[in-house]
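Descriptive structure summary
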Amino acid sequence: MKDDAPIRRSPVSLAECNLSRSFELIGDRWTLLILRSAQHGLRRFDDFQADLDIPRTVLSARLASLVETGIMDKRAYREVGQRARVEYPLTKMGRALALPFMAMTQWGDKYLGGKKLPLTLRSRTTGGKISVAYVDEKGRAVDMTDIEIVIDPAARRRAAKKRKPRTSA
(Lines give C-alpha, C1' and ligand atoms only; values in the text may rest on other atoms or scores of the structure.)
Protein backbone atom coordinates (compact mmCIF):
# COMPACT_ATOMS: atom_id res chain seq x y z
CA MET A 1 0.00 0.00 0.00
CA LYS A 2 1.41 3.37 -1.00
CA ASP A 3 1.27 6.58 1.03
CA ASP A 4 0.60 9.17 -1.68
CA ALA A 5 -1.84 12.05 -1.45
CA PRO A 6 -4.36 11.87 1.39
CA ILE A 7 -7.54 10.03 0.58
CA ARG A 8 -10.61 12.11 1.34
CA ARG A 9 -13.30 9.44 0.96
CA SER A 10 -13.47 5.68 1.01
CA PRO A 11 -13.70 4.28 -2.52
CA VAL A 12 -16.46 1.84 -1.49
CA SER A 13 -19.71 3.04 0.06
CA LEU A 14 -20.63 1.81 3.53
CA ALA A 15 -23.65 0.03 2.05
CA GLU A 16 -21.38 -2.11 -0.17
CA CYS A 17 -18.47 -2.53 2.26
CA ASN A 18 -18.25 -6.06 3.65
CA LEU A 19 -16.00 -4.88 6.48
CA SER A 20 -18.73 -2.44 7.50
CA ARG A 21 -21.29 -5.26 7.33
CA SER A 22 -19.04 -7.38 9.54
CA PHE A 23 -18.85 -4.58 12.09
CA GLU A 24 -22.65 -4.34 12.07
CA LEU A 25 -22.92 -8.04 12.96
CA ILE A 26 -20.17 -8.43 15.54
CA GLY A 27 -18.86 -4.95 16.32
CA ASP A 28 -20.05 -4.33 19.86
CA ARG A 29 -17.91 -5.20 22.89
CA TRP A 30 -20.15 -7.90 24.39
CA THR A 31 -20.66 -9.71 21.09
CA LEU A 32 -16.91 -9.76 20.47
CA LEU A 33 -16.25 -11.11 23.96
CA ILE A 34 -18.92 -13.81 23.56
CA LEU A 35 -17.30 -14.84 20.28
CA ARG A 36 -13.86 -14.80 21.91
CA SER A 37 -15.11 -17.21 24.58
CA ALA A 38 -16.85 -19.35 21.96
CA GLN A 39 -13.58 -19.58 19.98
CA HIS A 40 -12.06 -21.07 23.15
CA GLY A 41 -14.84 -23.68 23.28
CA LEU A 42 -17.55 -22.22 25.53
CA ARG A 43 -21.10 -23.13 24.41
CA ARG A 44 -23.43 -22.88 27.36
CA PHE A 45 -25.28 -19.80 28.60
CA ASP A 46 -24.18 -20.16 32.23
CA ASP A 47 -20.56 -20.69 31.16
CA PHE A 48 -20.61 -17.52 29.03
CA GLN A 49 -22.24 -15.59 31.87
CA ALA A 50 -19.67 -16.76 34.43
CA ASP A 51 -16.70 -16.29 32.09
CA LEU A 52 -17.61 -12.76 31.06
CA ASP A 53 -19.60 -11.51 34.05
CA ILE A 54 -22.10 -10.23 31.51
CA PRO A 55 -25.64 -9.28 32.50
CA ARG A 56 -27.99 -12.17 31.67
CA THR A 57 -30.34 -9.97 29.63
CA VAL A 58 -27.44 -8.67 27.52
CA LEU A 59 -26.09 -12.19 27.00
CA SER A 60 -29.51 -13.48 25.99
CA ALA A 61 -29.97 -10.68 23.46
CA ARG A 62 -26.49 -11.09 21.97
CA LEU A 63 -26.80 -14.88 21.67
CA ALA A 64 -30.19 -14.51 19.97
CA SER A 65 -28.64 -12.07 17.50
CA LEU A 66 -25.68 -14.38 16.82
CA VAL A 67 -28.08 -17.26 16.17
CA GLU A 68 -30.24 -15.09 13.90
CA THR A 69 -27.22 -14.03 11.81
CA GLY A 70 -25.99 -17.63 11.47
CA ILE A 71 -22.77 -17.18 13.46
CA MET A 72 -23.93 -19.48 16.25
CA ASP A 73 -26.41 -22.33 16.40
CA LYS A 74 -28.92 -23.03 19.16
CA ARG A 75 -29.16 -26.68 20.23
CA ALA A 76 -30.84 -28.45 23.09
CA TYR A 77 -28.84 -30.77 25.33
CA ARG A 78 -29.64 -32.66 28.52
CA GLU A 79 -27.24 -33.96 31.12
CA VAL A 80 -28.26 -37.09 33.02
CA GLY A 81 -30.79 -36.22 35.71
CA GLN A 82 -31.04 -32.57 34.61
CA ARG A 83 -33.64 -30.59 32.69
CA ALA A 84 -33.13 -29.80 29.02
CA ARG A 85 -30.94 -26.76 28.36
CA VAL A 86 -29.60 -24.90 25.36
CA GLU A 87 -26.05 -24.59 24.06
CA TYR A 88 -24.69 -22.21 21.45
CA PRO A 89 -21.97 -23.78 19.30
CA LEU A 90 -20.29 -21.78 16.56
CA THR A 91 -21.41 -22.52 13.02
CA LYS A 92 -18.98 -22.77 10.11
CA MET A 93 -19.44 -19.00 9.70
CA GLY A 94 -18.60 -18.46 13.37
CA ARG A 95 -15.59 -20.78 13.36
CA ALA A 96 -14.24 -18.83 10.37
CA LEU A 97 -13.84 -15.85 12.71
CA ALA A 98 -10.85 -17.63 14.28
CA LEU A 99 -8.53 -16.12 11.67
CA PRO A 100 -9.46 -12.45 12.20
CA PHE A 101 -9.58 -13.01 15.97
CA MET A 102 -6.08 -14.49 15.89
CA ALA A 103 -4.93 -11.56 13.75
CA MET A 104 -6.28 -9.18 16.41
CA THR A 105 -4.59 -11.25 19.13
CA GLN A 106 -1.29 -11.03 17.25
CA TRP A 107 -1.76 -7.26 16.89
CA GLY A 108 -2.56 -6.96 20.61
CA ASP A 109 0.49 -9.06 21.52
CA LYS A 110 2.71 -6.75 19.50
CA TYR A 111 1.30 -3.37 20.49
CA LEU A 112 -0.48 -3.89 23.83
CA GLY A 113 0.88 -6.97 25.57
CA GLY A 114 4.45 -6.03 26.32
CA LYS A 115 6.25 -9.20 27.36
CA LYS A 116 3.05 -11.02 28.38
CA LEU A 117 1.79 -13.44 25.73
CA PRO A 118 -0.96 -15.56 27.30
CA LEU A 119 -1.33 -17.84 24.28
CA THR A 120 0.65 -18.92 21.26
CA LEU A 121 -0.40 -20.69 18.09
CA ARG A 122 1.74 -23.71 17.20
CA SER A 123 1.59 -26.32 14.49
CA ARG A 124 0.55 -29.72 15.82
CA THR A 125 2.71 -31.32 13.15
CA THR A 126 5.96 -29.37 13.51
CA GLY A 127 5.56 -27.60 16.84
CA GLY A 128 6.60 -24.36 15.11
CA LYS A 129 4.99 -21.04 15.97
CA ILE A 130 2.22 -19.88 13.62
CA SER A 131 1.60 -16.26 12.67
CA VAL A 132 -1.31 -14.72 10.83
CA ALA A 133 0.02 -13.21 7.61
CA TYR A 134 -0.90 -12.08 4.13
CA VAL A 135 -0.26 -14.86 1.62
CA ASP A 136 -0.74 -14.96 -2.13
CA GLU A 137 -2.76 -17.59 -3.98
CA LYS A 138 0.26 -19.92 -3.98
CA GLY A 139 0.66 -19.67 -0.20
CA ARG A 140 3.73 -17.41 -0.24
CA ALA A 141 4.00 -14.67 2.41
CA VAL A 142 3.51 -11.15 1.05
CA ASP A 143 4.95 -8.02 2.67
CA MET A 144 2.51 -5.16 3.39
CA THR A 145 4.48 -2.88 1.07
CA ASP A 146 3.67 -5.21 -1.83
CA ILE A 147 -0.10 -5.11 -1.34
CA GLU A 148 -2.32 -3.21 -3.73
CA ILE A 149 -6.03 -2.71 -3.09
CA VAL A 150 -8.03 -3.06 -6.29
CA ILE A 151 -11.49 -1.52 -6.18
CA ASP A 152 -14.21 -2.81 -8.48
CA PRO A 153 -14.83 0.05 -10.96
CA ALA A 154 -18.60 -0.35 -10.68
CA ALA A 155 -18.42 -0.07 -6.88
CA ARG A 156 -16.26 3.04 -7.23
CA ARG A 157 -18.81 4.63 -9.59
CA ARG A 158 -21.69 3.81 -7.26
CA ALA A 159 -19.83 5.32 -4.30
CA ALA A 160 -18.98 8.47 -6.27
CA LYS A 161 -22.58 8.79 -7.45
CA LYS A 162 -23.86 8.68 -3.86
CA ARG A 163 -21.46 11.47 -2.87
CA LYS A 164 -22.51 13.92 -5.60
CA PRO A 165 -24.83 16.62 -4.30
CA ARG A 166 -28.23 16.57 -5.90
CA THR A 167 -29.44 19.72 -7.58
CA SER A 168 -33.05 20.73 -7.28
CA ALA A 169 -35.02 21.41 -10.43
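Report on the accompanying structure. Quantities reported herein were computed from a predicted structural model and do not represent experimental measurements.

1. Overview of a nonpolar patch on the surface
Residues Met104, Trp107, Tyr111 and Leu112 make up a contiguous nonpolar surface patch of roughly 510 Å² in combined accessible area. Mapping Tyr111 onto the fold places it in helix α6 (residues 98–111).

2. A few points about helix α3 (residues 45–52)
Of all the positions in α3, only Phe45, Phe48, Gln49 and Leu52 are classed as buried. The arc that holds every buried residue of α3, seen down its axis, measures 100 degrees, which confines them to one face. Against α2 (29–39), α4 (56–68) and β2 (85–87) lie the buried residues of α3.

3. Structural notes on the nonpolar core
Ranked by size, the top nonpolar core spans 18 residues in total, and within it Ile34, Leu35, Phe48, Leu59, Leu63, Ile71 and Met72 carry the most contacts. Elements that contribute at least two residues to this core include exactly α2, α3 and α4. Broken down by element, this core gets its largest block of residues, four residues, from α2. In this structure Met72 touches Ile34, Ala38, Phe48, Leu63, Leu66, Val67, Tyr88, Pro89, Leu90 and Thr91, once residues within four positions along its chain are discounted.

4. Notes on the pattern of salt bridges
Within the structure shown, the criterion is met by seven salt bridges. A salt bridge links Arg62 to Asp28, with the nearest nitrogen and oxygen atoms 3.1 Å apart. Of this pair, Arg62 sits in helix α4 while Asp28 sits in the loop between α1 (18–26) and α2, and the two are 34 residues apart along the sequence. The partner of Asp46 in a salt bridge is Arg85, with the nearest N and O atoms 3.0 Å apart. Note that Asp46 is positioned in helix α3 and Arg85 in strand β2, a separation of 39 residues in sequence. A relative accessible area of 36% means that Asp46 is categorised as partly exposed. Bridged by salt links that share partners, the residues Arg43, Arg75 and Glu87 form one connected network.

Rules behind the numbers
Residues numbered from 1 in each chain as written. Predicted model: local features only at pLDDT ≥ 70, side-chain atom pairs only at ≥ 80, totals over all residues. Heavy atoms only, no water. Patch = residues over 30% accessible without salt bridge, like charges linked within 9 Å, V, L, I, M, F, W, Y side chains within 5 Å. Areas by Shrake-Rupley, 256 points an atom, 1.4 Å probe, with all protein chains shown as cover. Salt bridge = Lys/Arg side-chain N within 4 Å of Asp/Glu carboxyl O. Helix = DSSP H or I, 4+ residues; strand = E, 2+ residues; numbered from the N terminus. Buried < 20%, exposed > 50% of the residue type's maximum accessible area, 1.4 Å probe, protein only. Arc of directions from axis to C-beta. Contact = heavy atoms within 4.5 Å. Core = buried A, V, L, I, M, F, W, Y, C linked by side-chain atoms within 4.5 Å.

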